[in-house]
Amino acid sequence: MHQVDNRPGGRLPAGAGPRVGIALLGGCLLLAAHGWPTPAGMAILLAASAAFVAYAGSGRTFDAAVLALPPLAGAGVDAAVGPAAFVAACLVPYLITRRALFAAVLGSSVAGLLPACIGLKERFAGTPLTWQDLRFFFLRLHDNIDVMASQPTLLAIAAGAAAVAAVLCVLAWRWSPPGRRAGRRGPLVAAVVAVLLIAHSSEIVARKAARLSAAGDAWVVGEGQLRRPIITFFATASLEPRWQVPDVDTAAFRGQSRQLVSSTAAGRLADIVVFLQESQFDPAAIAGCPASICTLDAFAAHDGTVARGPLQVHTFGGGTWKSEFAFHTGVPHSAFGPAGEFVPFNVAPGTQQSFARSLKAAGYRTVALYPTRGGMMNGRAAYAGYGFDAFYEASQVGLPGDYDTPDALVHAAARDVLARERLHDQPVFLFVLTIFNHAEHGVRMERVPLQLVSAASKAFEPADEALSVADYVWRSQAFERASAATRSAVLGTRRPAVFAWFGDHQPPFANAIGLRQRIRSLPTETGTVPARYQTWYEVASNVPHAADGPPRALDLVFLPGALAQAAGVPLDDWLAANVLAREQCGGLLEACRTPGVREAYLSHLWRDLRAFELP
């Protein structure tokens, strides 16, 4: 039998009103997630909803006002998803503690930490923080954690911010009693609505981040992230490497390239020794730096110099692995879109064609030496992908492995490795990284000679710029001495050899940001490298070559072909393409003087030579 409802007017049962109200509010929130017209309107809606949660839970107007503030503040951090992110971050601790003030302080601290970290990484490493940074950093935490020791100012700022946040949270806990509203419905209503708001806010962030990531905007990783830090951070979570170079007809380029292919060397192959010099550019490019401080012999021509000049790299302030990739593969990391920022993890292991592989095919033994742990930024796996026969990490060659390892120690270890590898009946390709000039600059100044500090202080009025310049020049002088010794050892024998070095990127000058604007482009007959991406390179040989002329600008991706020619290496398909593109582009890839060659060269590597297999 069916029970008959005898209540007059068909009124709802007792207690059904709040439940119906909760259901209606939840439905409105979910609809608003997809249809609210303006970010400001969404911030107001979320603020009102958070206030409702607090008031329903405690009956205190103060609690309602406190929880309403974070989403409004979030709109100023990131208009697209800031309010939603701040609401979710605050309501989770509120559900656990029911202390409105504490939840607002803790949640706002956590949500505000993200844009702060993004800005700090841009200052100290040249690029903003992304989800992928955290993913790959913690994936190899044991190998990557040492980099933090080289950033004392960053650590001090982070520790100070964490301490302030902790104090504020403790005070907020003491001043924020838990909600004690009489009855059971109020807290239950607050809890249900809070869960709905957290789900609703999380859906907003996830949906908008996915939409931005799918759009493939180039600025997802870059300066645009500083304008909308939260949404772009989460948009990078789903990044995967994708070939971004327009597909073009490569028939003409391929035909010309094949004409350069040769199968035999003209004479005895020369050893090739290359140093990636950490953060090295010509200090003479700093406007206002007197020659007595910033003119170094390392940037002048010497006996045996084959080529030298400004080098175009494709990263600023950090990201050595991106310059390693460009050198070894002849392709800039940007060819793979925003996910190319992390090529040693997601592209390098699948490399099928590279400089090292071409040298191996010509009979070389290929060897790499890292001054840190081998797993740093997936180095060991990346170099296996590049095709190296041997990979030595710091501990295997007697180096301490920290970021203060002097260049002299690295160069001495490299000379020892070269001597051992030369015992094989093969020409040797040795690729070595240094680390001493790694940021920060302008710290631990007790190491820098007082005379140099005094001279820099007279030339640069801001004290922070004077200290950073003095420190940078001092470390560059150390490189100059170590490099001269290795150059002499490599080229000073009867064995044919090529010695080269290049800077991987400029330092971020995090403690003297103004120096970034002082760095000028150095014009050459072959073109000008953008100041932000300008370092330096030199190629020298003990085999007779044409006399070195004035400095010539060069893109890092074209350095392998120049080295191969200096060493007398027969050109295979990969090297021939590299040499042809360099000649037709005038040495600069991004500012290629022949229209269409840049795209033809990159497309030829990607499609014709199948240089990469993406995961």
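Located above this text is the structure these notes cover.
Conventions used here
- The residue numbers shown here count from 1 along each chain, following its written sequence.
- Whole-chain, interface and lining totals are the exception, using all residues; otherwise, since this is a predicted model, local features are given only for residues with pLDDT of at least 70 and side-chain atom pairs are given and counted only at 80 or more.
- Where side-chain values are given, they derive from all heavy atoms of the structure, hydrogens and water being excluded.
- The disulfide definition used here is simple: a pair of cysteine sulfur atoms within 2.5 Å.
- Throughout, exposure labels follow a simple rule: accessible area from a 1.4 Å probe, protein chains only, divided by the maximum for the residue type, with under 20% read as buried, over 50% as exposed, and the rest as partly exposed.
- Patch membership is restricted to residues that have no salt bridge and whose relative accessible area is over 30%. Joining uses 9 Å for like charges and 5 Å for the nonpolar side chains Val, Leu, Ile, Met, Phe, Trp and Tyr.
- With residues, only the protein chains shown are counted as cover, and all accessible areas are computed by Shrake-Rupley using a 1.4 Å probe.
- Criterion for a salt bridge: a side-chain nitrogen of Lys or Arg within 4 Å of a carboxyl oxygen of Asp or Glu.
- Here the term cavity refers to a set of points on a 1 Å grid, laid over the protein atoms alone, in which a 1.4 Å probe fits but cannot get out; the term pocket refers to an open set having protein on both sides within 12 Å along at least five of seven lines, with lining residues being those that place an atom within 4 Å of a point.
- Grid points are joined across faces, edges and corners, and a volume is the space filled by probe spheres set on the points.
- Labels follow the DSSP assignment, with helices taken as runs of H or I lasting at least four residues and strands as runs of E lasting at least two, numbered in each case from the N terminus.
- Residue polarity follows a fixed list, in which Ala, Val, Leu, Ile, Met, Phe, Trp, Tyr, Cys and Pro are nonpolar, Asp, Glu, Lys and Arg are charged, and the others, Gly among them, are polar.
- We call a set of buried Ala, Val, Leu, Ile, Met, Phe, Trp, Tyr and Cys residues a nonpolar core when their side-chain atoms join them within 4.5 Å.
- The criterion for an aromatic pair is that two Phe, Tyr or Trp rings (for Trp, the six-membered ring) have centres within 6.5 Å, with stacked assigned to planes under 30 degrees apart, edge-to-face to planes over 60 apart and tilted to the rest.
- Our definition puts a charge over a ring when NZ of Lys or CZ of Arg is within 6 Å of the ring centre and also within 35 degrees of the ring normal.
- The rule for pairing is simple: two strands pair if DSSP sees at least two bridges between them.
- Should any heavy atoms of two residues lie within 4.5 Å, those residues are considered in contact.
- Fitting a line to C-alpha atoms yields each axis, with helices limited to the stretch in contact; the angle taken between N-to-C directions then spans 0 to 180 degrees.
- What sets the label is the angle itself: under 35 degrees gives roughly parallel, over 145 gives roughly antiparallel, 65 to 115 gives roughly perpendicular, and the rest give oblique.
- What makes a crossing left-handed is the near helix being turned counterclockwise from the far one by less than a right angle; a clockwise turn instead makes it right-handed.

Whenever I open this one, the state of the cysteines confuses me. Can you help?
Disulfides are covalent bonds that link the sulfur atoms of two cysteine residues. Per the counting criterion, the structure on display carries two disulfides. With its sulfur 1.8 Å from that of its partner, Cys 289 forms a disulfide with Cys 294. For the disulfide bridge between Cys 289 and Cys 294, the dihedral angle about the S-S bond is near 70°, and by the sign convention the bridge is right-handed. Residue Cys 289 shares its accessibility class with Cys 294, and that shared class is buried. Here Cys 585 connects covalently by a disulfide to Cys 592, the sulfurs 2.1 Å from one another. Between Cys 585 and Cys 592, the S-S torsion sits near -85°, and that sign places the bridge as left-handed. The connectivity of the disulfides in the protein chain is 1-2, 3-4, where the numbers refer to bonded cysteines in sequence order. As a non-bridged cysteine, Cys 90 has Cys 169 as the owner of its nearest cysteine sulfur, 10 Å distant.

Where do I start with a nonpolar patch on the surface in this structure?
On the surface, a nonpolar cluster with roughly 490 Å² of combined accessible area is contributed by Val 164, Val 167, Leu 168, Leu 171 and Trp 175. Classification of Trp 175 as exposed rests on a relative accessible area of 60%.

How do you make sense of empty space enclosed by the protein when you look at a structure like this?
Here the idea is plain: a probe the size of a water molecule rolls over the atoms and shows the empty space left. Applying the stated criterion across every chain yields a total of one cavity of 30 Å³ or more. A volume near 30 Å³ is recorded for the largest cavity. In this structure, the largest cavity is lined by Pro 39, Met 42, Leu 46, Ala 79, Ala 80, Val 81, Pro 83, Ala 84 and Lys 208. Secondary-structure elements contributing two or more residues to the lining of the largest cavity are α2 (39–58) and α4 (82–97). In terms of residues, the lining of the largest cavity owes the most to one element, α2, which gives three residues. A breakdown of the residues in the lining of the largest cavity according to their chemical character gives eight nonpolar, no polar and one charged.

How do you make sense of the nonpolar core when you look at a structure like this?
Ranked by internal contacts, the top residues of the largest apolar core, which has 77 residues, are Phe 327, Phe 355, Tyr 383, Phe 429, Phe 431 and Phe 502. In terms of residue count, helix α23 (residues 573–585) provides more of this core than any other element does, eight residues in total. Residues Cys 294, Ala 394, Ala 413 and Leu 515 belong to the second largest nonpolar core, which totals 52 residues.

Mind showing me how you'd approach the packing of aromatic side chains here?
Two numbers describe a pair of aromatic rings. These are the distance of the centres and the angle of the planes. Overall, the coordinates contain 37 aromatic pairs when judged by the stated rule. An angle of 65° between the planes, with centres 6.3 Å apart, marks the rings of Phe 253 and Tyr 601 as edge-to-face. Placement of Phe 253 in helix α12 (residues 251–258) and of Tyr 601 in helix α24 (residues 597–608) is noted, with a sequence separation of 348 residues between them. For the ring pair Phe 299 and Trp 536, a centre distance of 5.7 Å and an interplane angle of 80° mean the geometry is edge-to-face. Here the residue Phe 299 occupies a position in the loop between α13 (291–294) and β2 (305–312), and Trp 536 occupies one in strand β7 (residues 534–541), the gap between them amounting to 237 residues. Of the two residues, Phe 299 and Trp 536, neither departs from the other in class, the shared state being buried. A cation over an aromatic ring shows up here: Arg 420 above the ring of Tyr 392, its NZ or CZ 5.9 Å from the ring centre. For Arg 532, the ring lying beneath its charged end belongs to Phe 316, and the centroid distance is 4.0 Å.

In this structure, what is going on with the pairing of strand β1 (residues 271–277)? I would like to understand it.
Each regular strand shows side chains that alternate between the opposite faces of the sheet. Within β1, seven of the seven residues are buried, which leaves it mostly tucked inside the rest of the structure. With burial as the criterion, each face of β1 is covered, one bearing Asp 271, Val 273, Phe 275 and Gln 277 and the other bearing Ile 272, Val 274 and Leu 276. Two elements, β1 and strand β6 (residues 497–503), share seven bridges in a ladder whose sense is parallel. Looking at β6, one finds that Gln 277 is bridged to Gly 503. As paired elements, β1 and strand β5 (residues 428–433) share five bridges and run parallel to each other. Across the sheet, Val 273 pairs through a bridge with Leu 430, a residue of β5.

Looking at this model, I keep getting lost on the pattern of salt bridges. Mind explaining?
Between side chains of opposite charge, a pair can form when the charged atoms approach closely. Enumeration according to the criterion identifies 20 salt bridges in this entry. As a salt-bridge pair, Arg 447 and Asp 404 come within 3.9 Å of each other at their nearest N and O atoms. With a gap of 43 residues between them, Arg 447 in the loop between β5 and α19 (450–459) and Asp 404 in the loop between β4 (390–392) and α18 (407–421) connect regions that are remote in the sequence.

What exactly am I supposed to notice about the environment of Glu 465 here?
One can find Glu 465 in helix α20 (residues 463–491). By relative accessible area, which is 9% here, Glu 465 ends up buried. Here the alpha-carbon distance between Glu 465 and Ala 100, two residues 365 residues apart in the chain, equals 45 Å. The contact partners of Glu 465, leaving out residues within four places of it in the chain, are Phe 460, Ala 512, Gly 514, Leu 515 and Arg 518.

Looking at this structure, how should I read helix α22 (residues 559–567)?
One full turn of an α-helix is made of 3.6 residues, so residues set three or four places apart face in the same direction. Counting buried residues along α22, eight of its nine residues qualify, which places the element largely inside the surrounding structure. By the burial criterion, the buried members of α22 are Leu 559, Pro 560, Gly 561, Ala 562, Leu 563, Ala 564, Ala 566 and Ala 567. Among the residues trailing α22, Gly 568 stands out with phi positive, at a value near 75°.

What am I meant to see in the packing of α19 against α20 here?
For any two helices packed against each other, the geometry is given by the interaxial angle and the distance between the axes. Put simply, α19 and α20 touch, their axes get as near as 8 Å, and they point 135° apart. The angle between α19 and α20 falls in the class oblique. Relative to α20, α19 is oriented so that their crossing is right-handed. Residue-level contacts link Leu 452, Val 453, Ala 456 and Ser 457 of α19 to Ala 466, Leu 467, Ala 470, Val 473, Trp 474 and Gln 477 of α20. Of the residues in the contact of α19 with α20, the class split is eight nonpolar, two polar and no charged.

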